[in-house]
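Here are the chains, one letter per residue:
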Amino acid sequence: MTAVRRRWQPQIRAKARKAAATSAGLMVGVRARFGFTAAPGTTDDSRMRHLTLAIPPEHAARLLDAQEQGATDRELHRVTADTLGDVYFRDSGCRAHDLLVELTDIEQIEFEL
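What counts and how
Residues numbered from 1 in each chain as written. Predicted model: local features only at pLDDT ≥ 70, side-chain atom pairs only at ≥ 80, totals over all residues. Heavy atoms only, no water. Helix = DSSP H or I, 4+ residues; strand = E, 2+ residues; numbered from the N terminus. Buried < 20%, exposed > 50% of the residue type's maximum accessible area, 1.4 Å probe, protein only. Contact = heavy atoms within 4.5 Å. Areas by Shrake-Rupley, 256 points an atom, 1.4 Å probe, with all protein chains shown as cover. Salt bridge = Lys/Arg side-chain N within 4 Å of Asp/Glu carboxyl O.

J.: In this structure, what is going on with the overall build of the chain? I would like to understand it.
T.: Helices and strands together make up the secondary structure of the chain, namely 3 helices and 3 strands. Its helices and strands in sequence order give the chain the pattern α-β-β-α-α-β, from N to C terminus. Counting across all 113 residues of the chain, residues that qualify as buried make up 31%. Considering only intrachain contacts with a sequence separation of at least 6, the fraction spanning at least 24 residues in the chain is 64%. Carbon and sulfur atoms form 50% of the exposed surface of the chain, whose accessible area is close to 7600 Å².

Okay, structure coming up:
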């Protein structure tokens, strides 16, 4: 049974990763402190937030590629912050165009394929 799992699991995981990066995307749940660098006159105070949202395939691909290439936790947190900044805070370019997001004091972060 162990030999079957060793052979089977990588194939299943590869299919799931490919689907996430090309069509399905990922779900992310995160509880962390979000800080912002934004235009003058806007709020940039950091605060704890709990977000659960769908990450589109193009962003999922970037996260999965970084992980596959051996990115450190710090680098993965930066990619995650950029992703959340674009998807949630900047609404894929529809608002807050110059907003840069920082992700610190991470209490929880979960990704689902």
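Here the narrative resumes.
J.: Where do I start with the environment of Glu 102 in this structure?
T.: Structurally, Glu 102 is set in strand 3 (residues 100-112). Taking C-alpha positions, Glu 102 is 8.5 Å from Gly 85, a pair spaced 17 residues apart along the chain. Each residue touching Glu 102, except ones within four places of it in the same chain, is listed here: Arg 33, Phe 34, Gly 35 and Arg 78.

J.: For this particular structure, what's the right way to read the side chain of Thr 80?
T.: Mapped onto the elements, Thr 80 comes out in helix 3 (residues 73-89). Residues in contact with Thr 80, not counting those within four places in the same chain, are Leu 63, Leu 103, Ile 109 and Phe 111.

J.: Would you mind going over helix 3 with me for this structure?
T.: Every α-helical turn comprises 3.6 residues, leaving residues that sit three or four positions apart pointing alike. Within helix 3, burial applies to Leu 76, Val 79, Thr 80, Ala 81, Thr 83, Leu 84, Gly 85, Asp 86, Val 87 and Phe 89. Two residues or fewer after helix 3 comes Asp 91, characterised by a positive phi angle close to 50°.

J.: Please clarify how the pattern of salt bridges should be interpreted in this entry.
T.: Where charged atoms from two side chains of opposite charge come close, those side chains can pair. Taken as a whole, this structure holds 5 salt bridges when the rule is applied. A salt bridge links Arg 31 to Glu 107, with the nearest nitrogen and oxygen atoms 2.9 Å apart. Taken together, the residues Arg 31 in strand 1 (residues 26-37) and Glu 107 in strand 3 connect sequence positions 76 residues apart. Accessibility expressed as a relative area gives 54% for Glu 107, which makes it exposed. The shortest N-O distance in the salt bridge between Asp 105 and Arg 33 comes to 3.0 Å. Taken together, the positions of Asp 105 in strand 3 and Arg 33 in strand 1 put the pair 72 residues apart, joining distant regions of the chain.

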